[in-house]
Amino acid sequence: MTSTRLTIGRRSLLKAAGATAATAAVGFTPTRFAIGQQARIKIGLMLPYSGTFALLGQNITDALKLAINEKGGKLGGREVTFVQVDDESAPPKADQNANRLVVGEKVDVLIGTVHSGVAMAMAKVAREEETLMICPNAGADAITRAACAPNIFRTSFSNWQPSYPMGKVMYDKGHRNVIVMAWKYAAGEESIGGFKEGFTAAGGKIAKEIWVPFPDAEFQANLTDIANTKPDAVFVFFAGGGAAKFVKDYHAAGLRNSIPLYGSGFLTDGVLKAQGEAAQGLLTTLHYADGLDNAVDKAFRPAFEKATNRPADVYAVQGYDTGLLLAQALDAVKGDMKAKKQIIASMEGAEIDSPRGKWKMSKAHNPIQDFYLREAKGEENRYVSIAHKALSDPGTGCKLA
Ligand code: BEZ
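Here goes a summary of the coordinates provided. Every chain begins its residue count from 1, and numbering advances along the sequence as written. In keeping with the predicted nature of the model, local features appear solely for residues at pLDDT of at least 70, side-chain atom pairs appear and are counted solely at 80 or more, and the whole-chain, interface and lining totals rest on all residues. Hydrogens and water molecules were not included; the side-chain quantities draw on all heavy atoms of the structure.

Structural notes on the site of the ligand
Alright, step 1. Surrounding the ligand, one finds 14 residues, the nearest of these being Val 114, Ser 116, Gly 139, Tyr 185 and Ala 187.
Alright, step 2. A 3.5 Å cut-off defines polar contacts: any pair of N or O atoms within that distance qualifies, except that in protein one atom must be a possible hydrogen donor and the other a possible acceptor, and neighbouring residues in sequence count only when both atoms are side-chain atoms. Between the ligand and the protein, one listed contact pairs an oxygen atom with a backbone N or O atom of Val 114 at 3.3 Å.
Alright, step 3. Side-chain polar atom of Tyr 185 to an oxygen atom of the ligand: 2.5 Å apart, as the coordinates give it.
Alright, step 4. Using a 1.4 Å probe, the Shrake-Rupley method yields the accessible areas, and only the shown protein chains count as cover for residues. Relative to its free-state accessible area of 260 Å², the ligand is covered by the protein chains to the extent of 100%.
Alright, step 5. All residues other than Ala, Val, Leu, Ile, Met, Phe, Trp, Tyr, Cys, Pro, Asp, Glu, Lys and Arg, Gly among them, are scored as polar; the first ten of these are nonpolar and the last four charged. Residue composition of the shell around the ligand, by class: nine nonpolar, five polar and no charged. The rule for a residue being near a molecule or strand is that one of its heavy atoms must lie within 4 Å of it.

In structure tokens:
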């Protein structure tokens, strides 16, 4: 995709952000085509372009388009049309938005989203309508556990995955009594669940659980509670705008030196510029880090920055990998979207050479990947070590072969 197309995309994003569930077709140059289907592959993007996760949705979108552009702007030899919907990270609107894309627009592929609750509603529609869906962020465990389906894939993580390795990391650092805190919705609950599993298995104890309604970012009363409870450390799940605010508030409350703060990497990914001094030295675990030594990352980072004027982060990597997965599967069937069985088989066997390092698809359609311990330094989450090699979500309850 040329930078002009990205500009068109951004304008469309603004349009989508301004109107509830507004759709905006962002096309490429028309072309001849014939395998008895529409000429273009129609991709429905249902992502947040407003609210606390707006930048996450934009990075996923722009990196996905970058990956497709690097393949000549085509998938399986066919031009691509995007139809974009701002899902506003609003679960009550999710069913209608997903139906608008799947039933109304008849997209070939549904891609989204960031918010676990919204993604669950999308997955239900995709399952019922048998539309191919790729989830490029939302970690709702059920999507690749009990609610898994042959036509639903994830290129990101399950909520359990990034937090689980931090349990052992914190125990090994000598912490025994830890407060956990998160937004009270699937991502927060499951992220805390993963941490608790790892931490208590190592021998640690949970001193207190603090829950905040999503997407609230007023933390003062909770910070007073933490100061009074005096745990050894705090582990949190926040992301996007809420994460930026939490880290600054924690620092401003004077807690950084007395009660160490940890999180899954969403706490600091994509928001370090906004967090500034308050984030320096924070340790987090995630499936991406700055300073990974692989050729794909070394090419991806400058390409993403050139296309967007923003640094790459985990959300961009997930969007990029979604493009790689789609390109690989559609190339295998020469763009024939009717060859569903072969598309699914190709995605199931995928080994993605990603900026995060190589990863494979699990039987439940979730990445088996390395999780890194990172330290915030300047505006980067610098690689420290591998916290857990090739971690697979348990996939509990998923009946796929
Ligand atoms: C989620 O809702 O699944 C989520 C949102 C932001 C970052 C990570 C997970």
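A closer look at the environment of Glu 70
Alright, step 1. Strands are runs of DSSP state E lasting at least two residues, helices are runs of H or I lasting at least four, and both sets are numbered from the N terminus onward. Mapped onto the fold, Glu 70 is located in helix H2 (residues 54–70).
Alright, step 2. Note: C-alpha distance between Glu 70 and Gln 369 (299 residues apart in sequence) is 24 Å.

Some remarks on unusual backbone geometry
Alright, step 1. Between Gly 112 and the following residue, Thr 113, the backbone shows a cis peptide bond with an omega angle of 0°.
Alright, step 2. Within the secondary structure layout, Thr 113 lies in the loop between strand S5 (109–111) and helix H4 (116–129).
Alright, step 3. Omega for the peptide link from Phe 214 to Pro 215 comes to 0°, which places this bond in the cis form.
Alright, step 4. As for its placement among the helices and strands, Pro 215 is situated in the loop between strand S9 (205–212) and helix H7 (220–229).
Alright, step 5. Unusually for a residue other than glycine, Asn 309 sits at a positive phi of about 65°.
Alright, step 6. By relative accessible area, Asn 309 is classed as exposed at 70%.
Alright, step 7. Positioned with a positive phi, His 365 is a non-glycine residue whose angle comes to about 75°. Burial classes follow relative accessibility: with a 1.4 Å probe on protein chains only, a residue under 20% of its type's maximum area counts as buried, one over 50% as exposed, and anything between as partly exposed.

Read these as geometric descriptors, not functional statements.
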